[in-house]
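Fold and contact review
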Amino acid sequence: MCTGADHTIHRARHHFGWDKAIAPVMHVEPGARLSFECLDAACGHFTPQSTVADVATLGSDTINPVTGPVFVDGAEPGDALKVTIEAFEPSGFGWTANIPGFGLLADQFPDPALHLWRYDVAGRVPALFGANARVPLKPFAGTIGVAPAAPGRHSVVPPRRVGGNLDIRDLAAGTTLYLPVEVAGALFSIGDTHAAQGDGEVCGTAIESAMTVAMKLDLVKQAGLSMPRFTTPGPVTRHLDGAGYEVTTGVGPDLQEGARTALAGMIELIAREHGLAPVDAYMLCSVCGDLRISEIVDAPNWVVSFYFPRAVFA
């Protein structure tokens, strides 16, 4: 549970995009512990009663709301904001969608698809996907960052050197993240919380799920940090490793095409072996499969591998 915070930032205090001109919702001292109520990436658009028709009405201007911003007293350009992620309190409801025009294989999956999830908040047991697949959960924040120095409003969709839509599943409880500060007060915001995601988030969505996040904000003065970095408290794939992996590869001179080939091979494999529709296999790969660069030194060809955890169908 997200308890013991000095302050709570409620979900109504959210914004879209990054802009240093957005007024902070709160000023805090370094070392403050806060609880952020985060909306899902669709800003509550999907409900347990939603159907695939609701994918078409998803608004592009209300994607990835982030709660904040919070002004950290004393933060100055050149500092690093130290974010200690303490706990997640999930909502128990989530969604995964194939959104036309979005995702690594958007050209191969042009039609919308939607999967709604119910998962156990207390036990964090694997969430059901159809009759046979069970996805281990690992809550984390997909979008977490501070305001960039460049004036104006900046899209929340791409990641940036000050954080943002990083979609790194290991920004989970126990991780410490360091973000470069570019403006006075840092102006920290967080949102786009996920119950589970594979490395790559290949269809463009994870198990998108509203939740509350507890964390501590601190400063490292004049850290000289050029990009986000983080420290994990221990192993990061233990929730998936137990039964091993099925792995497909893509080999060639282009990493993007290698990633597409490896993913397409896995979709074909699990669709055939487990009787899934290809688009369902695609979404399942997005929430629990991992893209990895296996080799990038043996020119002219590189190797990208896609790891799918066998535990999902165990």
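Our structure's up above, just so we're on the same page.
Residues numbered from 1 in each chain as written. Predicted model: local features only at pLDDT ≥ 70, side-chain atom pairs only at ≥ 80, totals over all residues. Heavy atoms only, no water.

Overview of the pattern of salt bridges
For the structure on display, the rule yields 13 salt bridges. For the salt bridge of Arg161 with Glu182, the shortest nitrogen-to-oxygen distance reads 2.2 Å. Of this pair, Arg161 sits in the loop between strand E12 (159-160) and strand E13 (163-165) while Glu182 is found in the loop between strand E14 (176-180) and strand E15 (188-194), placing the two residues 21 residues apart along the sequence. Overall, Arg161 belongs to the partly exposed group, its relative accessible area being 31%. Among the residues examined, Glu182 registers a relative accessible area of 22% and is labelled partly exposed. Each of Lys138, Arg169, Asp170, Asp199 and Asp290 takes part in one network of salt bridges that share partners. (Salt bridge = Lys/Arg side-chain N within 4 Å of Asp/Glu carboxyl O. Helix = DSSP H or I, 4+ residues; strand = E, 2+ residues; numbered from the N terminus. Buried < 20%, exposed > 50% of the residue type's maximum accessible area, 1.4 Å probe, protein only.)

Remarks on the packing of aromatic side chains
Scanning the entire structure with this criterion turns up 6 aromatic pairs. A ring pair is formed by Phe36 and Phe188, whose centres lie 5.6 Å apart and whose planes are at 70°; its orientation type is edge-to-face. In this pair, Phe36 is assigned in strand E4 (residues 32-38) and Phe188 in strand E15, connecting sequence segments 152 residues apart. Overall, Phe188 belongs to the buried group, its relative accessible area being 0%. (Phe/Tyr/Trp six-rings, centres within 6.5 Å; stacked < 30°, edge-to-face > 60°.)

Structural notes on the sheet that holds strand E20 (residues 302-309)
Spatially, 3 strands are ordered E18-E20-E19 in an open sheet, and the strand pairing comes out antiparallel. If you trace the sheet from one side to the other, it starts and ends with strand E18 (245-252) and strand E19 (290-295), each paired once. Within this sheet the neighbouring strands show an average axis-to-axis angle of 25°, counted without direction. Summarising the sheet, E18 and E20 pair through 8 bridges and their orientation is antiparallel. Pairing of Thr249 across the sheet is with Ser305, part of E20. Where helix H2 (residues 255-274) meets the sheet, it contacts E18, E19 and E20, and its direction lies at approximately 145° from that of E18. Where helix H3 (residues 278-288) meets the sheet, its contacts fall on E19 and E20, and the angle it forms with E20 comes to roughly 95°. (Pairing = 2+ DSSP bridges. Axes fitted to C-alpha atoms, helices over the stretch in contact; angles between N-to-C directions. Contact = heavy atoms within 4.5 Å.)

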